[in-house]
Every structure is written in structure tokens, then in C-alpha cells.
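A closer look at the structure
Single-letter residue listing:
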Amino acid sequence: MATAALFTVSASTLPVYAAKGSIDVYPPNWWVGMESPLVELMLHGDNIANKKVSVNREGVVINAVTALDSPNYLFVTLDISNAASGELIFTLTDDAENTSNINANNEAGSAKVSHSSANSSSNLLSYEFSYELQPRDSESKSREGFSAKDAIYLITPDRFANGDSSNDDVAGYRDIVDRSNKGGRHGGDIKGIIDNLGYIADMGFTQIWTMPMLENAMAKYSYHGYSTTDFYQIDPRFGTNADYVTLSEKANEQGVGIIMDMVLNHIGSGHLWMEDTPSDDWINNEGNFVATTHKRESLHDPHVIESDIEGFSDGWFVPTMPDLNQKNPHLANYLIQNAIWWVEFAGLSGIRVDTYSYSDKGFLSKWTARLMSEYPSLNIVGEEWTINPAITAYWQAGSHRHDEYVSALPSVMDFPLQAALTSALTQEESWNTGLGNIYETLATDFLYGDPNNLVIFPDNHDMSRIFTQLGHDIDKWNMAMTFFLTTRGIPQVFYGTEILMANPDSSDHGIIRSDFPGGFKQNSDSAVNAFTGEGLSQDERWAQQRVKTLLALRQNYPNVFMGEMKHYAPHDGVYTYFRRAEEDDGSMIMVIMNKQEAKVSLARYSTMLSKYTQATRLSDKTVFGVDDTLTLPPMSATVFVVN
């Protein structure tokens, strides 16, 4: 059962915007009926910082107009609590008095500019632009986000499927398609995802998370999407904003929700803000590259030196990713409203936040609180790449914390469990190694506000494929996939993991994110098509079917996977856990993992099995009594439906 958005979006929701004069407005439109009645418009145009702003609509109040350090930006805060939907006409005119006092409630609905800098340059031009307030869909606020009933398919859009070759190269964008370059653009796009929604849904995935698809107008290495140069525009090499809406609509028709990957921490160096920065403090370290320390522990260290916190939070990843200063309230508003805009505009069922903890802590608290206020059942997952569960848990709402920090973040990526699983399957079994790693990691779930809402994964776009991590051993791959598709949490599978995609000779991200077989007609491996199964090896077909079978189990027993997990401490190299619905409806799943051949008496699990009579093995439907002794082959993960 998918938890896609509860309403549809259409081309009619595209923003209406027409300008007389050269003015850019962000966000490009807004909605009446939002939880917060305020919206702050960022206006950008030549020498507008000293302009007087007025609007022609009753019910729209200009609360504040603020200029910062650049002469080319104005921030206009509107109160639309009493406004009706429709077109607004804004006029920017010269203010002869050039005063810094705000006249926020005059009858004409206008306000004078409040300057936070001494910029008083004058421009005799007047500007007029239209702005659309649209009616909010009545079901938008109650949209249901992704949950433990779901399974997420992670896609690198540039490498999944090329559905529209006409947008492979776009005039004005320097990074052109070069399929021979592992770090270059390969031509995958939104149309390619739309064309293969049937495959995704048929496999049993109910959510799609794509790496970012906003504009990355960078000279090179732009395919990955993490160097945003326009927060309100889909990169034209992937498609248009309308195409993204179409993806959301068509995915919803298949019972699949769309999760957007958002980057709050940094931009690409090709962003307009690097040429014309709204304020001197908009970019950390005065716009100069200073590398982050990556020492996330400094945010939690009771012995910390303040400069270590700044070194982590304010540092840049690389020179081409300028680090944003979310302490600036106008930038914070911009990022908050941008996230809300995309949820509303595209009908999203969730958000994944890149490099979550690198942004300012106070801002993250405000960002999550505002999103969850507008969408109480939305799900948002933050990336915190640490194998320390105490640090991971810190960010999740409801978790036990060492300080008074308030977080409304529903979910976090569970890197500790991923690391525990790979260690469990690659280490020799002993009293303190092997499968005990999984048990010990799950035993720290008391740290989390909601462990069943964590996003779990065997691999992702930033690490080696799980098949490679496990030495290309298909039995270990099966143990890993079985575990992640049946244990507590929300499973995410990286595209191609279901067909044993690997990176045996390189850890380069461009190789890890290789083209999906069948998605590119000019591929050298064009005889292989994973969408249809043509050309796949016997092992690849088996792996694909195994994932499909496990995902079908999740869809057949959604209440079980929304429910609790119970496990027994590993004993004689055997680790066993159960999933059952919180409200006992007679459904339960049992999973037994073992690395050596083992004889297992089900009587050991009488506490869990006492109300049941038989267990049916998922793989071949063989039925066992709950007192039987099983002989399990080595390196196996066996799933039973307990009846």
C-alpha cells in the first residue's frame, strides 16, 4: 500500500508570472490558506533597493520591505491572511524621501524600504510585475508522507533512463553529454523515469527518491545535482517544472510517491548569488573557500571549543560548493519557503535533506518545525553520515538528547545499521563479532524517537554497491537484502542493486552510479535490458525476483511492517527476529539469519510462537510446525510467514 500524495497536481498549478521591467521574484507564486499567513518575496532587479513597493489588492498587507547590502535585492514580507486568490500587481517606484521607516499598514497597501546598509543609489525606472496567489488544494495539508509501509527506490536521474534525447544538450549549459566520461552527463531525464514507472511499481516500490534535479549550471560534474544554481527551476537537461509535475501525477497513478532531494547547506559556484550576493553574510567565510572539518562530533561535544563548531558548520565541502549562512533570516526564509513551494507545487510525499547536520542548528529547528506545521503527516529524512547511533538519533524528533535542542525532523538515514550489517556479514563469527553487530546496533534503538521511521539501506549513491561491499557473494547479498527489506524501518534500495550492479574495480562515484541496463539505447550493453529481463544473467534474474518477492511481502502485510520488531540475541551463529502488527491481527513474520549450516529448534522461540501452529517458508511455501527443528543452509536468511 503506497502512501503517495492524497491529491493531484496539474499544469494549471504552474505559477503565473509576467513582469514589466527586469524583475525576478522568488517564490514565483504562493497559495492562500497556508498555515502561516506570511510570505517573504525576494525581488531581484537592477538598483531596486531604494524603491517604494505598493500592491493593488485589498486584503494583502505589506508588513516589511528590507534591503540588504546589494543594491539589486528587496525582501518584501506580505500578510495574506485576509487575501483571496488571484493576480496581484506590484509597483516599485522611487522614494524621494529615501527614509528607513516602514509604513506597513497604509491604505494603499504599500511600504517604504527599510535599509540595513547605507546603499542609497537611485534609479529613475519604475517596475511593475504581476504575482499569483493560488487557492490551496483542500487536501494538501493532510497529505500522507512515506512510512514503514513503503519501500523507496533511489535513482540517479542522469544514469537511469534517457527518455528524451532532445534535451541531452541545452544551449547555454556547458556540461554536455559525454557517455564515455564517468563523471560526465549521460542523458538520463524525467521522461526516462516516467517511461519506466511500470517497472518500478511492478517491482513493489512505493516511493521514488531521485538525486537532485534542480538546475546545476556548472562547467563540469553537474550530473549529480548537488550544486544548485536555481532553487526554483528543474535543470532543463532533465526536463521542465511541468515535466516534474507530470512525474508526480503519473507516479501517483501507479501508487508511487515522490520524495525530493533538497540541499540546504550549499549552492553551486555558478549560482547568481556568487555574482550578486544579497548581503555580505549570505555565504559563510565572507564568500571565500574554507574547508569544513567534517567533525560533526563538535556539535555534541561537552568539552568543545566554539571554533570547532564553526569549523564544521561554516566550512565548505569543495570550492565549487559555497556554504550558505542560514543564520541570515532572509536566507532562512528563502530556504523554508522553497521547500514548502515544491511540496505544494509538485505534490510531494516526502523530502530527503542532503548533508543535514552541516546547516545551522537553529535554522534546522525552524525549517523542520515550519514544514511539519504546514504538513503534519509529511515525512522528511535527514542525511547524517555517522555510524554513532547517539549522533544519528540526536536529530530525530522525540529522541533523548543531551541538550534542550528542539527538532521536528521525523526521520534520519540509519548509517549505523548499514555499517553493522556489512560488518556482520564480512567478519568471522565469534562472541563479539559477526551477526552480533546487528543485534547490538538495534539494541540502541532506545535512543531514537521512532526507530521504525528511520530510513534503512544496504547501499546508496555515495558508497560502493552492496554486492561489491560483500565481495560479490550472492548469498551474502541475499542476507543483506532480506534483512533490510524485513527489519524495522523504511527500506531504500539504490537503482540497480536489485540486479547485482557492482563497482568491482573502482570506488569512483561515477562508476557506482553507472547507467541502468536498458535505459540507454546506445549503450555498449544494449543487449541487456533490466526493465524487461532481456540479457540478464541467471543470478541477476534471481536477485531481481528475490527483491520483488520481499517487496510483495511488505505490500501484503503492511500492518506487520508498521508494527513492532522483536529479536533474540544471536545464539550459536543464528540471529532471529520477528515482525508483527501492533494490534494483533494474527499476522507475523519470522526471519532467521545464519552464516554456518545450522539446526534450529523453533521451540526456542516459544515466547513468540506460542499462539501459532505453523510457519510457511516464503521461498517455496513449505509449511513447518512451530515445534519443528529446521536444517538451514550456510549463509542464508530465511523468511517465514507465521500462521
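These remarks concern the structure in this document.

1. Quick notes on the packing of aromatic side chains
Evaluation of the coordinates by the stated rule reveals 45 aromatic pairs. Note on F317 and Y358: the rings are 4.7 Å apart at their centroids and 45° apart in plane angle, and the pair reads as tilted. Placement of F317 in the loop between helix 5 (306-313) and helix 6 (329-346) and of Y358 in the loop between strand 17 (350-354) and helix 7 (361-374) is noted, with a sequence separation of 41 residues between them. What makes Y358 buried here is its relative accessible area of 5%. Geometry around Y495 places R465 over its ring, the cationic atom sitting 4.9 Å from the centre.

2. Some details on the packing of helix 4 (residues 241-253) against helix 6
Helix 6 packs onto helix 4 with a crossing angle of 60° between their chain directions and a minimal axis gap of 9 Å. In terms of their interaxial angle, helix 4 and helix 6 are classed as oblique. Here helix 4 contributes N241, Y244, V245 and S248 to the contact with helix 6, which in turn contributes W341, W342, F345 and A346. Taken together, the residues of the contact of helix 4 with helix 6 sort by class into six nonpolar, two polar and no charged.

3. Details of the pairing of strand 6 (residues 61-67)
The buried fraction of strand 6 amounts to five of the seven residues, a majority that puts the element mostly inside the structure. When strand 6 meets strand 7 (residues 73-79), the two strands line up antiparallel, connected through five bridges. In the strand pairing of strand 7, I62 is matched with L78. In textbook terms, the turn of a hairpin is the stretch between consecutive antiparallel strands, and for strand 6 and strand 7 this stretch comprises five residues.

4. Remarks on a negative patch on the surface
On the surface, a cluster of negative charge is contributed by D69, D280, D281 and E286. Within the fold, D281 resides in the loop between strand 16 (257-263) and helix 5.

Calculation rules
- Residues numbered from 1 in each chain as written.
- Predicted model: local features only at pLDDT ≥ 70, side-chain atom pairs only at ≥ 80, totals over all residues.
- Heavy atoms only, no water.
- Phe/Tyr/Trp six-rings, centres within 6.5 Å; stacked < 30°, edge-to-face > 60°.
- Helix = DSSP H or I, 4+ residues; strand = E, 2+ residues; numbered from the N terminus.
- Buried < 20%, exposed > 50% of the residue type's maximum accessible area, 1.4 Å probe, protein only.
- Lys NZ or Arg CZ within 6 Å of the ring centre and 35° of its normal.
- Axes fitted to C-alpha atoms, helices over the stretch in contact; angles between N-to-C directions.
- Parallel < 35°, antiparallel > 145°, perpendicular 65-115°, else oblique.
- Contact = heavy atoms within 4.5 Å.
- Nonpolar A, V, L, I, M, F, W, Y, C, P; charged D, E, K, R; others polar.
- Pairing = 2+ DSSP bridges.
- Patch = residues over 30% accessible without salt bridge, like charges linked within 9 Å, V, L, I, M, F, W, Y side chains within 5 Å.
- Areas by Shrake-Rupley, 256 points an atom, 1.4 Å probe, with all protein chains shown as cover.
- Salt bridge = Lys/Arg side-chain N within 4 Å of Asp/Glu carboxyl O.
- Lys, Arg positive; Asp, Glu negative; His and termini not counted.
- Charge placed at Lys NZ, Arg CZ, Asp CG, Glu CD.

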